[in-house]
Amino acid sequence: MNVPNNKAVFFREIRYRVEHTRDSTRILTQIDSNVDSNLSQKNEGPREASEETTKKTAKYYNIQLTGKLGNCMYCALGKRKQRPVPNEATNKSEKPGERFFLDITPVKYPSYGGSRHLALLQDEASNTKFPIFLRNKSDLEREGIKLLKILKDTYKLPVKYVRLDNAGENKALQDASVQERMGIKFEFTAPGTPQQNGAVERAFPTIFGRLRATFNRAQLTEDLRKGLWAEGVDTMCKIDNALVYANRPVPALEKLFKIRADLKQLRTFGEVGIFRNIATIKDKVIDDRGTLGIFVGYPNYHPTSTYKYFNPSTRKFASSRDVTWLNKFYAEVKNTPKEDVSWMDSIAEILDEEIASENDPINIVEDEATDIEICLLYTSDAADEGLGVDLGGRRII
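Scope of this entry: the structure provided in the associated data block. Being a predicted model, the structure only gives us computed values, none of them experimental.

### Examining the sheet that holds strand S4 (residues 99-106)
Okay, so step 1: Spatial strand order, S6-S5-S4-S7-S8: five strands in an open sheet with mixed pairing. Each edge of the sheet is formed by a strand with only one pairing partner; in this case those strands are strand S6 (129-134) and strand S8 (185-188). Between one strand and the next, the sheet's axes are offset by a mean angle of 25°, whatever the strand orientation.
Okay, so step 2: Sheet strands in contact with helix H5 (residues 198-218) are S4, strand S5 (117-123) and S6, and its direction is about 50° off that of S4.
Okay, so step 3: Those strands touched by helix H7 (residues 229-240) are S5 and S6, and its axis lies near 170° from that of S6.

### Some points on the layout of surface pockets
Okay, so step 1: One number sums up the size of the largest pocket: a volume of about 1,600 Å³.
Okay, so step 2: Around the largest pocket, the lining is made up of 49 residues, and of these Asp234, Lys238, Tyr298, Asn300 and Tyr301 lie nearest the centre.
Okay, so step 3: Elements supplying a minimum of two residues to the lining of the largest pocket: S6, helix H3 (140-154), H7, helix H8 (252-257) and strand S10 (290-297).
Okay, so step 4: Here the lining of the largest pocket gets seven residues from one element, more than from any other, and that element is H7.
Okay, so step 5: Residue classes in the lining of the largest pocket are distributed as 26 nonpolar, eleven polar and twelve charged.

### Here we look at H3
Okay, so step 1: Along its 15 residues, H3 runs 20 Å from first to last C-alpha, staying within 8% of the 21 Å computed at 1.5 Å per residue.
Okay, so step 2: On its buried face, H3 is in contact with S4, S5, S6, strand S7 (161-164), helix H4 (168-179) and H8.
Okay, so step 3: A positive backbone phi angle near 55° is found at Lys156, which sits one or two residues after H3.

### Quick notes on H7
Okay, so step 1: In this model H7 runs 16 Å from its N-terminal to its C-terminal C-alpha over twelve residues, within 8% of the 16 Å that 1.5 Å per residue would give.
Okay, so step 2: The buried count for H7 comes to ten of twelve residues, which makes it a mostly enclosed element.
Okay, so step 3: Along H7, the residues classified as buried are Trp229, Ala230, Glu231, Gly232, Val233, Asp234, Thr235, Met236, Cys237 and Asp240.

### Description of empty space enclosed by the protein
Okay, so step 1: With the rule as written, the count across this model stands at one cavity of 30 Å³ or more.
Okay, so step 2: Taken as a whole, the largest cavity holds about 40 Å³ of empty space.
Okay, so step 3: Around the largest cavity, the lining residues are Leu102, Leu121, Ile132, Leu140, Gly144, Leu147, Leu148, Val162 and Leu173.
Okay, so step 4: Ranked by residue count, the leading element in the lining of the largest cavity is H3, at four residues.
Okay, so step 5: For the lining of the largest cavity, the class distribution of residues is eight nonpolar, one polar and no charged.

### As for the pattern of salt bridges
Okay, so step 1: Counted under the stated rule, the structure contains 17 salt bridges.
Okay, so step 2: The salt bridge involving Arg142 is made with Glu143; its shortest N-O contact spans 3.2 Å.
Okay, so step 3: It is possible to trace a salt-bridge network through shared partners that takes in Arg99, Glu124, Arg163 and Glu187.

Conventions we followed
- Residues numbered from 1 in each chain as written.
- Predicted model: local features only at pLDDT ≥ 70, side-chain atom pairs only at ≥ 80, totals over all residues.
- Heavy atoms only, no water.
- Pairing = 2+ DSSP bridges.
- Helix = DSSP H or I, 4+ residues; strand = E, 2+ residues; numbered from the N terminus.
- Axes fitted to C-alpha atoms, helices over the stretch in contact; angles between N-to-C directions.
- Contact = heavy atoms within 4.5 Å.
- 1 Å grid on protein atoms, 1.4 Å probe; cavity = no way out; pocket = protein on both sides within 12 Å on 5 of 7 lines; lining within 4 Å.
- Points joined across faces, edges and corners; volume = space filled by probe spheres on them.
- Nonpolar A, V, L, I, M, F, W, Y, C, P; charged D, E, K, R; others polar.
- Expected span 1.5 Å × (residues − 1).
- Buried < 20%, exposed > 50% of the residue type's maximum accessible area, 1.4 Å probe, protein only.
- Salt bridge = Lys/Arg side-chain N within 4 Å of Asp/Glu carboxyl O.

Structure, rendered in structure tokens:
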């Protein structure tokens, strides 16, 4: 009989030469063999279980088995599966900043910044995550080297190893590292074995799951969800670096950089505020000092009290530390009915008529359309007396 050398097979067709006891005629048959998958790692295949099951089946049907159990080339070609991969790394780095895992995944919709790919660099010892947003996969060479230089030169981390798959953009990153003489060893995983880079592979669904939950809570429209995914991922990674887990008593950020995160400045992603933006002020007298914006995270290399926001009118990003929070989400502000100010048109007409009639400086007029009493004031003498115009409870000085 021929069987493939694989421990995780449940049903295997086993070819066996058998001899029927009734007429002693040799026949060739196939028997479905139920193989136990919980075999020890020392056992290289389902040989014992397959043989035992086959013998019991043959005995039940009064069939005498002959021949020798071996490996079946045809079964191996059709049903070869992956060998078990150890759950724990044998050479795991315990020194923060020494070994990093790197992987890249495409995103269907481009962000407002033009990113279509997300690369994630994760430290093995501390689990600190660094997102890299790319327009094209080929940009990984430039952006990856930039981040690795910051970690090595600015933060003095002992970056020695980077584990990644065999994609072409990763090979280009390795070549760029050699040209820059960074002294980093690139560890490429075996083809078709993402488990060898499992730490960063598992981080993607975790981050994306939190991102979807955050978007749902913020009640973002479909267009905003598609355009703000990059800012959302960046914020999710920064928050994750500050969390304390059962198996991680010290936050990742503090373990890697010896810096404690300042959580006093945390705000809810997607909430709306009025941000001070000097760049939008063209006329110092007329233009507003504040801009309505959606909070989307914290800008890099800025004080913790600085907030990054998205202007839905201009579809641009900006940062500011001066903000008045409205404690509402954008959907609530967007759907708020605007105040009806059409009554001001009729009032303006009345004011124009009274001014043109050259009446006394102060006159009381009742608008029939709005039923509002208007105290007209249009001379400098009356203004000096501190009088004003009362528009139905609205007083104009």
